[in-house]
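Structural characterization, general
One-letter residues, chain by chain:
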Amino acid sequence: MPHLHADVEILYRDSHAAKSRVRTGARKPENVRFQSRRFPRNSLTSSMKKERDTKEQILALMRAPKYRPLDKIELSRALGLKSDARGTLRQALQQLERDGDIARIRKNRYVLPGEADLITGKIQIHQAGFGFLVRENSDQGDIFISAENTGTAMNGDRVVARITRDVAYARARGASDRPEGRVIRILERAHATIVGTLQQSRNFSYVVPDDPRIVHNVYVQPRALPAAERAPAPGDKVVVRLEPWESRHVNPEGEIVELLGRASDPGVDMLSIIRKHHLPTEFPAAVLAEAERVPETVDPQAYGEREDLRDRFIVTIDPDDARDFDDAIHVEKLPGGEWELGVHIADVSAYVTPGSALDREALKRGNSVYLVDRVVPMIPERLSNGVCSLNPRVVRLTHSCFLRFAKNGAPKSARFARTIICSAHRLTYKEAFALLQDPPNDKLGEHLHTAWSLAALLRRRRFAQGSLDLDFPEVKVVLDRATGRPLRLDRVENDESHQLIEEFMLAANEAVALELKNRLIPTIYRVHEKPDPEKLAEYRQLVLAYGFKAGDLTNRAELQRLLASFRGKPEEQALKIGLLKSLKRARYATEPLGHFGLAKNNYAHFTSPIRRYADLVVHRTLAEINNRRGARASVGDLSRIAEHISTTERVAADAENESVKMKKLEFLQAQVSAKNPQVFRAIVIEVRNYGLLIELPDVLLTGLIHISSLADDFYVFDGARRRLIGRQSRRTLAVGETLQVRVARIDIFKQQADFAIISDKPASPSPRPRSRGRNSAR
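The numbering scheme is per chain: residues are counted from 1 as the chain's sequence reads. Reporting in this predicted model follows two pLDDT cut-offs: at least 70 for local features of residues, and 80 or more for side-chain atom pairs to be given and counted; totals over whole chains, interfaces and linings ignore these cut-offs and use all residues. Water and hydrogen atoms were dropped before computing side-chain values, which therefore reflect all heavy atoms in the structure.

**Focus on the overall build of the protein chain**
Where helices and strands are cited, they refer to DSSP runs of H or I of at least four residues and of E of at least two residues respectively, numbered from the N terminus. Looking only at helices and strands, the protein chain features 17 helices and 34 strands. Of the roughly 37,400 Å² of accessible surface on the protein chain, a fraction of 48% belongs to carbon and sulfur atoms. Accessible areas in this description were obtained via Shrake-Rupley with a 1.4 Å probe; residue shielding takes into account the shown protein chains only.

In structure tokens, the structure reads:
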């Protein structure tokens, strides 16, 4: 399981598993034989060259100053193509349109998108119906799409939109400078299936999608499924395969292909999330068979090829419930005051070789997914929890990073080697924290105190160099294993034991990135680019509205000062979230573009190859330094991998966050009908004319106190000072006020919580601190 690290990926990512659609109930027709066809390689190469040449000719023609929109036949004539080349022309036009390089307008005529005020991109739909088009291959702002102009687009679809409101024209009239558009064509659907709840009206059946951003119900005709014990019934969770949807004036239609069970049945909620995000639930037989052939122990013949570290005092520190241990450390204080840090990472690349079934499946998944009740692993558990896991007192293959630091923590040198280790101790964060609180009385305690001395030094240097303190608290949902019901919420603290591991992993990741960059070896970097100045200017206005002083936020020192100014204040979480929305998302790329949040010029993911494919790639490229193993991957291949795993990471982050929020809401929903409902501490983070937006700091959930529930007085909204004022009592409710609240209503479908104020009862104590779990932030 992942550590929580200051790479703040969980903040910047949206942080996975590849989409692996499952169509239960859909079977191949019997007695149908498929025959593979082989083509001569020269024939394929020639065909591809013709299509590429045709694309270039089409684009050159359309860029000509006197070009007018032409259809396929007219384009064929203009290009002087013979009749036998029209198939190539058709394929080239389809590919160019899918890529967004050209656009098809009325009467099936083709133009360059910019010439017709057309924009290609992915649409993000809000549950209110409107959306934003995120442009492709452009740093310009998003396009607002009103609900009536979304057409038949669904959330995440690639679409073509026409600009209907020009920025320059709007500015000339003194209006808002936000461009607006209208969807005119769907290029690619984001999802072939949706998950929802089956409902029945008097005349027809329909499915209400679980995703509130899919605003239309889907008409279906329930029928018995071959793999199901019964036919779907109202109230069931089902998977629906969407049929082509051409007109917004009628609802989309689909076919039920899988019955998940009653919506209230244990486990159905998590299974719904898995299906919704197309996460794989099983490994293919070939992958499992390959994993079974991997020995459960390390072959002694491998010892001679590696640096032997079995005599070093090496330990692992992980969450209480961790089952896979992919990193271990050792620290030594050297004569003269210098430090040596050893970071030892499970050498997954020794078992998952390029092109193997294990490798193909790991790439497809991209990363492991940590849902609230289960893990969807990137590689089979036989490896992740077995021979790859750095279990105590057993020999394991590792890839080690040896770092030398000066007295003041400044890096002096780095060395990398393929090694074997034998971990001396497996510590939990709770155990490590306890040892750090008392003077050392044995070798383990001395080792940990030495390690913390170095980690504290590195941490101070990192923030002195401009790293942003964007750490968020975490609340773990504890479940009943039998029923999956939430039992309690435990607050997790980011104490010294977590910070120790955090700093060492960051140091190793940075050192590896710098080494690969200096040696000009193509690899995959973790990048977090600088924010747009316009976004920071908008965020500055938000900060000023909250009453805080803010200067030029493009200055890193000023941004750090601002973060420090509201540390510990009631508005801290709301303003941190606002900043995160102003920053770009971290992603993977083949260029070392740096990491803005960490203030590092070079950064890569090296420390978690059990759960991230990016780290596995970095291990392979780093191996080229040591013994030139394997063929070097091309930049083109690495770019495609980087784009793919950036996508799978965002999918995993969405699934993980949704699973946690669902269980939190389920826990709160139980309080509505409880005889002695729990009272929660709440902080007002925003005031609107319809009520108070609050955050429960002990639950890490936002909700609403509707103005109609304020029964002690009639409250009036003061927009200028962002507060509500009682007309009779003159009581004010403003941002930053601490309240005691109870749960009034939970809407699981909309994922919303309403609360009511309580004044005569003390708030329940905060959940007890627990050792912080890992996430994928590194």
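Past the structure itself, the notes keep going.
**Some thoughts on the side chain of Arg 158**
Its location among the elements puts Arg 158 in strand E6 (residues 158-165). Assessed through its relative accessible area of 10%, Arg 158 is described here as buried. Separated by 2.6 Å, the side chains of Arg 158 and Glu 136 make a polar contact. We call two residues in contact whenever any of their non-hydrogen atoms come within 4.5 Å of each other. Once residues within four sequence positions are removed from consideration, Arg 158 is found in contact with Arg 98, Asp 99, Gly 100, Thr 120, Gly 121, Lys 122, Glu 136, Ile 186, Leu 187 and Glu 188. Only protein chains enter the accessibility calculation, which uses a 1.4 Å probe; a residue is then buried when its area is under 20% of its type maximum, exposed when over 50%, and partly exposed in between. N or O atoms closer than or at 3.5 Å make up a polar contact, with two conditions inside protein: a donor-capable atom paired with an acceptor-capable one, and, for residues adjacent in sequence, both atoms drawn from side chains.

**Observations concerning the packing of helix H8 (residues 357-365) against helix H17 (residues 635-672)**
Their axes nearest at 8 Å, the elements H8 and H17 cross at an angle of 60°. The angle between the axes of H8 and H17 places the two elements in the oblique class. Facing H8, whose interface residues are Leu 363, Lys 364 and Arg 365, H17 presents Ile 641, His 644 and Thr 648. Classification convention: Asp, Glu, Lys, Arg as charged; Ala, Val, Leu, Ile, Met, Phe, Trp, Tyr, Cys, Pro as nonpolar; all other residues, Gly among them, as polar. Counted by class, the contact of H8 with H17 contains 2 nonpolar, 2 polar and 2 charged residues. In this analysis an axis means a line fitted to C-alpha atoms, helices contributing only their contacting stretch, and an angle means the value between N-to-C directions, from 0 to 180 degrees. The cut-offs work like this: below 35 degrees is roughly parallel, past 145 is roughly antiparallel, 65 to 115 is roughly perpendicular, and the gaps in between are oblique.

**Examining the sheet that holds strand E4 (residues 131-135)**
One bridge is not enough; two strands pair if DSSP finds at least two bridges between them. With mixed pairing, the 5 strands of this closed barrel are ordered in space as E3-E4-E5-E7-E6. The mean angle between the axes of side-by-side strands here comes to 50°, regardless of whether they run parallel or antiparallel. Across 5 bridges, strand E3 (residues 118-125) lies against E6 in antiparallel orientation. Counterpart to Gly 121 in the pairing with E6 is Val 159.

**Some points on the environment of Val 375**
Considering the arrangement of structural elements, one finds Val 375 in strand E18 (residues 375-376). For Val 375, a relative accessible area of 37% translates into the label partly exposed. Considering only alpha carbons, one finds Val 375 and Thr 281, 94 residues apart in sequence, at a separation of 9.8 Å. Residues in contact with Val 375, not counting those within four places in the same chain, are Ser 368, Val 369 and Tyr 370.

**A short note on the packing of aromatic side chains**
Only Phe, Tyr and Trp rings are paired, with Trp represented by its six-membered ring, and only when their centres lie within 6.5 Å; those with planes under 30 degrees apart are stacked, over 60 edge-to-face, the remainder tilted. Within the structure shown, the criterion is met by 6 aromatic pairs. Plain terms: the ring middles of Phe 548 and Phe 566 are 5.8 Å apart, the flat faces sit at 80° to each other, and that makes the pair edge-to-face. Taken together, the residues Phe 548 in the loop between helix H13 (533-545) and helix H14 (556-565) and Phe 566 in the loop between H14 and helix H15 (572-582) connect sequence positions 18 residues apart. Given the relative accessible area of 12%, Phe 548 is considered buried.

**Observations concerning the environment of His 619**
Tracing the chain through its elements places His 619 in helix H16 (residues 613-626). It is 6.7 Å that separates the C-alpha atoms of His 619 and Ser 349, two residues lying 270 residues apart in sequence. Not counting residues within four places of it along the chain, the set of residues in contact with His 619 comprises Ile 345, Ala 346, Asp 347, Ser 349, His 399, Arg 418, Phe 606 and Pro 609.

**Side note on the pairing of strand E7 (residues 180-188)**
Where strand E5 (residues 143-145) and E7 come together, 2 bridges link them in parallel fashion. Pairing of Ile 145 across the sheet is with Gly 181, part of E7. Both E6 and E7 contribute to a ladder of 7 bridges, which runs antiparallel. From the neighbouring strand, Arg 158 faces E7, where its bridge partner is Glu 188.

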